[in-house]
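Results of the structural survey
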Amino acid sequence: MTRQNLRRKLQQIRRNLPAEKQQMAAHEVANRLLQRLSHLQPEQTTVAVYKSFDGELPTAPVIEKLWQLGVNAVLPVLHPFAKGHLLFLRYTPDTPMTLNKYGIQEPELNVQNVVPLSDIQVLLMPLVGFDSRGNRIGMGGGYYDRTLAQWHNGNRPNLFPIGLSYNQQQVEHIPVESWDIPLPEVITPAKHWRF
């Protein structure tokens, strides 16, 4: 199966999950994630999370739990000048939000709220699919690939990426491209995968 066909198939699977199953999965993943991050000091930790879109695993429970613990949360924003790249901005309950060109919620751009990637300890990533080797497939824009490249090349050694996913998004094999970087971990409702 081609990468694009696999992407479409997996997107349809996650869109077809009933809302109550999506919410249950989101809470289970949030609990697993908090167990994973329990060794970190909350007030000294910054976690990049994302606002769910198009059937992605809902992140509202993760965000709420991070805030309750005092963890600094940031959200990705499409970089206004570097096409195909992300910026990360502080995210609090009163952060003004806007929709980007894809219809995804992101904080309104304010340079005072930009958090450099070097100040982020954990990068939570949405997945369309993953396999047992940590290979991932995303929406196809390459935004997270470019962010992961900075980590993979050693430019951001303190950053730790973790994919968040439904159980149904695991497949036997993801076709790999030359720019793909496997994830070290993926958390699903049923399992915490380490690769």
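First, a word on scope: everything that follows refers to the structure included in this document.

About the criteria used
- Residues numbered from 1 in each chain as written.
- Predicted model: local features only at pLDDT ≥ 70, side-chain atom pairs only at ≥ 80, totals over all residues.
- Heavy atoms only, no water.
- Helix = DSSP H or I, 4+ residues; strand = E, 2+ residues; numbered from the N terminus.
- Buried < 20%, exposed > 50% of the residue type's maximum accessible area, 1.4 Å probe, protein only.
- Contact = heavy atoms within 4.5 Å.
- Areas by Shrake-Rupley, 256 points an atom, 1.4 Å probe, with all protein chains shown as cover.
- Lys, Arg positive; Asp, Glu negative; His and termini not counted.
- Charge placed at Lys NZ, Arg CZ, Asp CG, Glu CD.
- Core = buried A, V, L, I, M, F, W, Y, C linked by side-chain atoms within 4.5 Å.
- Pairing = 2+ DSSP bridges.
- Axes fitted to C-alpha atoms, helices over the stretch in contact; angles between N-to-C directions.
- Salt bridge = Lys/Arg side-chain N within 4 Å of Asp/Glu carboxyl O.

**A closer look at the overall build of the protein chain**
Within the protein chain, the regular secondary structure consists of four helices and eleven strands. Taking the principal axes of its C-alpha atoms as reference, the protein chain extends roughly 45 × 35 × 30 Å. Put simply, the protein chain has 195 residues, and 48% of those count as buried. A separation of at least 24 residues holds for 69% of the contacts in the protein chain among residues at least 6 apart in sequence. Carbon and sulfur atoms make up 51% of the accessible area of the protein chain, which amounts to about 9800 Å² in all. Counting 20 positive and 16 negative side-chain charges, the protein chain places the centres of these two groups 5 Å from one another.

**Some words on the nonpolar core**
Taken as a class, soluble globular proteins show a tendency for nonpolar side chains to be buried jointly. Core analysis: the largest hydrophobic core is formed by 43 residues, its most contacted members being Phe88, Ile120, Leu123, Leu124 and Leu164. With residues near it in sequence (within four places) discarded, Phe88 still touches Ala48, Val74, Leu75, Pro76, Asn113, Val114, Val115, Leu117, Ile120, Leu123 and Thr147. Membership of the second largest hydrophobic core comes to six residues, among which are Leu6, Val128, Ile137 and Val171.

**Topic: the sheet that holds strand E3 (residues 86-90)**
With mixed pairing, the seven strands of this open sheet are ordered in space as E3-E2-E1-E6-E9-E10-E11. Each of the sheet's edge strands pairs with one partner strand only, and the pair in question is E3 and strand E11 (192-194). This sheet shows a mean twist of 25° between the axes of neighbouring strands, independent of strand direction. For strand E1 (residues 46-48) and strand E2 (residues 72-78), the ladder comprises three bridges, and the chain directions are parallel. Bridging across to E2, Ala48 finds its partner in Val74. Sitting on the sheet, helix H2 (residues 19-36) touches strand E6 (122-126), strand E9 (160-164), strand E10 (185-187) and E11, and the angle it makes with E10 is about 140°.

**Comments concerning the pattern of salt bridges**
Pairs can form between side chains of opposite charge whenever their charged atoms are close. Enumeration over the complete set of coordinates arrives at six salt bridges. The shortest N-O distance in the salt bridge between Arg133 and Asp131 comes to 3.4 Å. Salt-bridge contacts for Arg136 lead to Asp145; the nearest nitrogen and oxygen are separated by 2.9 Å. Owing to a relative accessible area of 8%, Arg136 belongs among the buried residues under this scheme. Salt bridges linked by common partners bring Arg36, Glu185 and Arg194 together as one network.

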